[in-house]
Amino acid sequence: EKGIVKLVDAFERIVRRHPEARLNIFGAGPLKDMLRDRIAASGLEQQILLRGVESDKARIFGGNAFFLLPSDSEGMSNALLEAMAHGTVPIITPVSGAADLVDTGRSGYIVADNQPDTLEAAIETAINLGAGDWTEFSAAAREKILQNFGIDKIAADYLDCYTRHMQRAVPH
C-alpha cells in the first residue's frame, strides 16, 4: 500500500548515477525485515537508511531535501502536510487528497503512477534541480500548506462555519 518496495527499486538505480544520494525511510511496518535484508543484499546500507519511528519532525524533515510518498492508496497524508510545512519538496503518487496539495513543477512533483521507472524519473528530475529552483519549490510547498492548513486559516474557517450555523439557528 505504501509503495516502499517500488521506491527502493527506483532508488537502487538512482544511486548508480548519484552515489552521494541518501534515502531515509522513517516508520515501521511488516516490510521492515524484508527491506533490511534486501538493502543489505544490494550493498546499499550507507545509501538507504531505515530510520524507524521518529517523532521529532525537525529531525525527519530538516535534513531531507525531498519527501517521497509512493503510496498506492492513502487518505490525506499528515506526513505530506508536515513535510511541505517544513519546506521539504514532495514527490508523490496521485492518491486521494495528496494530489490537490502539490502543484507539479512549482511545489513538487506528482508522478503518473507508482512504478519504479516513473519514480526514478521523478527523483532524477528533482535531484537535478538547481539550488535556486529547489528554494522556490520549497517556499511554494510551505506556502501552500500555510495558506490552506495554517492555524489562522483553520481558525477562520471554524469561525465562518460557526457564524453561518448560528445565523441559521437564530429566528429572524
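Heads up: the structure comes first, above all this text.
Here we summarise the structure given alongside this text. (Residues numbered from 1 in each chain as written. Predicted model: local features only at pLDDT ≥ 70, side-chain atom pairs only at ≥ 80, totals over all residues. Heavy atoms only, no water.)

### Points about the nonpolar core
Then, number 1: Of all hydrophobic cores here, the largest spans 24 residues; its most connected members are Val8, Phe11, Leu23, Ile25, Ile48, Ile91 and Tyr109.
Then, number 2: Sorting the residues of this core by element identifies helix H1 (4–17), strand S1 (23–26), helix H2 (32–42), strand S4 (89–92) and helix H6 (116–127) as the ones contributing at least two each.
Then, number 3: A per-element tally of this core places H1 first, with seven residues.
Then, number 4: In this structure, leucine 23 is in contact with Leu7, Phe11, Gln47, Ile48, Leu49 and Leu68, ignoring residues within four places of it in sequence.
Then, number 5: Of all hydrophobic cores here, the second largest spans 15 residues; its members include Ile60, Leu69, Leu81 and Ile145. (Core = buried A, V, L, I, M, F, W, Y, C linked by side-chain atoms within 4.5 Å. Buried < 20%, exposed > 50% of the residue type's maximum accessible area, 1.4 Å probe, protein only. Helix = DSSP H or I, 4+ residues; strand = E, 2+ residues; numbered from the N terminus. Contact = heavy atoms within 4.5 Å.)

### So, the pattern of salt bridges
Then, number 1: Evaluated as defined, the whole model comprises 13 salt bridges.
Then, number 2: For arginine 36, the salt bridge goes to aspartate 33, with nearest N and O atoms at 3.0 Å. One end of the pair is arginine 36 and the other is aspartate 33, both in helix H2 and three residues apart, which spans about a single turn.
Then, number 3: A residue is classified by how much of its surface remains accessible, and arginine 36, at 39% relative accessible area, is partly exposed.
Then, number 4: Of the residues examined, aspartate 33 reaches a relative accessible area of 48% and is grouped as partly exposed.
Then, number 5: Between lysine 144 and aspartate 103 there is a salt bridge; the shortest N-O distance is 3.7 Å. One end of the pair, lysine 144, is in helix H7 (residues 131–149); the other, aspartate 103, is in the loop between helix H5 (98–101) and strand S5 (109–110), and 41 residues separate them in sequence.
Then, number 6: Sharing partners across several salt bridges, the network here consists of Arg13, Arg17, Asp117, Glu120 and Glu124. (Salt bridge = Lys/Arg side-chain N within 4 Å of Asp/Glu carboxyl O.)

### Focus: the side chain of histidine 18
Then, number 1: For histidine 18, the location among the structural elements is in the loop between H1 and S1.
Then, number 2: Judged by relative accessible area, which is 11%, histidine 18 ranks as buried.
Then, number 3: Of the polar contacts made by the side chain of histidine 18, one reaches the side chain of glutamate 124; its length is 2.9 Å. (Polar contact = N/O pair within 3.5 Å; in protein donor to acceptor, adjacent residues only side chain to side chain.)

### Looking at the pairing of strand S2 (residues 48–52)
Then, number 1: Examined bridge by bridge, S1 and S2 share four bridges and lie parallel to one another. The residue bridging phenylalanine 26 from the neighbouring strand is glycine 52, located in S2.
Then, number 2: Between S1 and its parallel partner S2, the chain crosses via H2, and the hand of that crossover is right-handed. (Pairing = 2+ DSSP bridges. Right-handed = clockwise from strand over helix to strand, strands pointing away.)

### Some words on the side chain of serine 138
Then, number 1: Tracing the sequence through the fold places serine 138 in helix H7.
Then, number 2: In terms of polar contacts, serine 138 uses its side chain to reach the backbone carbonyl oxygen of glycine 87, at 2.6 Å.
Then, number 3: In this structure serine 138 touches Gly87 and Val89, once residues within four positions along its chain are discounted.

### Some remarks on H6
Then, number 1: End to end, H6 covers 16 Å across 12 residues, agreeing with the expected 16 Å (1.5 Å per residue, within 8%).
Then, number 2: The set of residues buried in H6 consists of Pro116, Leu119, Glu120, Ala122, Ile123, Glu124 and Ala126.
Then, number 3: Buried residues along H6 sit in contact with H1, strand S3 (66–69), S4 and S5. (Expected span 1.5 Å × (residues − 1).)

### Considerations on the packing of aromatic side chains
Then, number 1: By the definition in use, this model includes three aromatic pairs.
Then, number 2: Residues phenylalanine 61 and phenylalanine 67 carry aromatic rings whose centres are separated by 6.1 Å and whose planes lie at 65° to one another, so their mutual orientation is edge-to-face. (Phe/Tyr/Trp six-rings, centres within 6.5 Å; stacked < 30°, edge-to-face > 60°.)

### Structural notes on the packing of helix H4 (residues 78–85) against H7
Then, number 1: Direction vectors running N to C along H4 and H7 enclose 115°, while the axes themselves pass 7 Å from each other. Residues Leu81, Met84 and Ala85 of H4 form the contact with H7, whose own contacting residues are Ala141, Arg142, Lys144, Ile145 and Phe149.
Then, number 2: Residues that form the contact of H4 with H7 fall into these classes: six nonpolar, no polar and two charged. (Axes fitted to C-alpha atoms, helices over the stretch in contact; angles between N-to-C directions. Nonpolar A, V, L, I, M, F, W, Y, C, P; charged D, E, K, R; others polar.)

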